[in-house]
Amino acid sequence: DSGVTQTPKHLITATGQRVTLRCSPRSGDLSVYWYQQSLDQGLQFLIQYYNGEERAKGNILERFSAQQFPDLHSELNLSSLELGDSALYFCASSIGTSGRLTDTQYFGPGTRLTVL
Amino acid sequence: AQKITQTQPGMFVQEKEAVTLDCTYDTSDQSYGLFWYKQPSSGEMIFLIYQGSYDEQNATEGRYSLNFQKARKSANLVISASQLGDSAMYFCAMREEDTGRRALTFGSGTRLQVQP
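Residues numbered from 1 in each chain as written. Chains lettered and ligands numbered in written order. Predicted model: local features only at pLDDT ≥ 70, side-chain atom pairs only at ≥ 80, totals over all residues. Heavy atoms only, no water.

Focus: the overall build of chain A
Secondary structure summary: chain A contains zero helices and 11 strands in total. Each helix and strand of chain A, placed in order from N terminus to C terminus, yields the pattern β-β-β-β-β-β-β-β-β-β-β. The C-alpha radius of gyration of chain A comes to 13 Å, within 12% of the 13 Å expected for a compact globule of 116 residues. Its C-alpha atoms put chain A at 40 × 25 × 25 Å along the principal axes. The burial tally for chain A puts 50% of its 116 residues in the buried class. Restricting to contacts in chain A with at least 6 residues of sequence separation, those with at least 24 account for 55%. By element, 47% of the accessible surface of chain A is carried by carbon and sulfur atoms, the whole surface being about 5,500 Å². (Helix = DSSP H or I, 4+ residues; strand = E, 2+ residues; numbered from the N terminus. Rg over C-alpha atoms; globule rule 2.2 N^0.38 Å. Buried < 20%, exposed > 50% of the residue type's maximum accessible area, 1.4 Å probe, protein only. Contact = heavy atoms within 4.5 Å. Areas by Shrake-Rupley, 256 points an atom, 1.4 Å probe, with all protein chains shown as cover.)

Topic: the sheet that holds strand β3 (residues 19-24) of chain A
All names here are of chain A. Strand order in the open sheet formed by four strands is β1-β3-β8-β7, and the pairing between neighbours is antiparallel. Unpaired on one side and paired on the other, β1 (5-7) and β7 (64-68) mark the two borders of the sheet. Adjacent strand axes in the sheet meet at a mean angle of 15 degrees, parallel and antiparallel pairs treated alike. Inspection of the sheet shows β3 paired to strand β8 (residues 74-78) by five bridges, in the antiparallel sense. Note on β8: the bridge partner recorded for V19 is L78. (Pairing = 2+ DSSP bridges. Axes fitted to C-alpha atoms, helices over the stretch in contact; angles between N-to-C directions.)

Observations concerning the pattern of salt bridges
What the rule picks out here adds up to five salt bridges over all chains. Across the salt bridge formed by D29(A) and R26(A), the nearest N and O atoms sit 2.8 Å from each other. Residue D29(A) is classed as buried on the basis of its relative accessible area of 2%. Among the salt bridges present, the one from R63(B) reaches D86(B), with a minimum N-O distance of 2.8 Å. One end of the pair, R63(B), is in the loop between β7 (60-61) and β8 (64-69); the other, D86(B), is in the loop between β9 (74-79) and β10 (88-96), and 23 residues separate them in sequence. (Salt bridge = Lys/Arg side-chain N within 4 Å of Asp/Glu carboxyl O.)

Focus on the pairing of strand β2 (residues 10-13) of chain A
Along a regular strand, successive side chains alternate from one face of the sheet to the other. Residue and element names in this part refer to chain A. Only one face of β2 is covered, namely the one carrying L11 and T13; the face carrying H10 and I12 has none of its residues buried. Note that β2 and strand β11 (residues 111-115) share four bridges and pair parallel. Following the sheet pairing, T13 is matched in β11 by V115.

Re the nonpolar core
One finds Y25(B), W36(B), I49(B), L77(B), Y90(B) and L112(B) to be the most contacted residues of the largest nonpolar core, which totals 25 residues. If one sorts the elements of this core by residue count, β10(B) sits on top with four residues. Setting aside residues up to four positions removed in sequence, L77(B) forms contacts with V19(B), T20(B), L21(B), W36(B), L48(B), I49(B), Y64(B), S65(B) and Y90(B). Judged by nonpolar contacts, the second largest core, of 21 residues, contains L11(A), V19(A), L21(A) and I47(A). (Core = buried A, V, L, I, M, F, W, Y, C linked by side-chain atoms within 4.5 Å.)

Some thoughts on the environment of Q14(B)
All names here are of chain B. Inspection of the secondary structure assignment puts Q14 in strand β2 (residues 10-14). In this structure Q14 comes out as partly exposed when scored by relative accessible area, which is 40%. Counting along the chain gives 37 residues from Q14 to Q51, while the straight-line C-alpha distance between them is 27 Å. Other than its neighbours up to four places away in sequence, Q14 contacts S82, V114, Q115 and P116.

As structure tokens, then:
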């Protein structure tokens, strides 16, 4: 158990809908990262938050957004869902200390999203 | 160009044998970290081992060791005394510190199957 929790574990929805994925980082971790794992694109970085502020963006679509709350949990919002958004979405957390190479990211169990 | 290349889509190994999973990387940063993660069929991403670009010794964690050859830009994972539970996907990943990109860039993975 990495200490990172994600809910829900599975999500099945229809095209055009909106969903919210939730992540709670490990105790003491300030950074939260979201990744998408799909068969055709592999594991891709979406977005990072550090202590409530957006820190970096990767290949995140405009239909997707995220935020990190004062209690450090994070939510990833996916809207106007398309079939191609079906994937495993991971949240990872780390202490987030800048300049510290050994800032290991620990992954949650993931949320498997299926868009029908 | 691919930043992380894993050239072995699949590998087989006999139980109790050692196996090497290849990973080459491409970066112009002087400061970077290399990580290996294991993804069993259940889907979670499990951190295995880390190597920093300035580390002079190869990293080891139990049965896992990282064969780091900086000049060749390779960071191969060696699993000694393979066990049936080692059957999984293995991902090599890099974080580049100089550019401030703290998210992980992943390779395409290697599926390891341990045979009894």
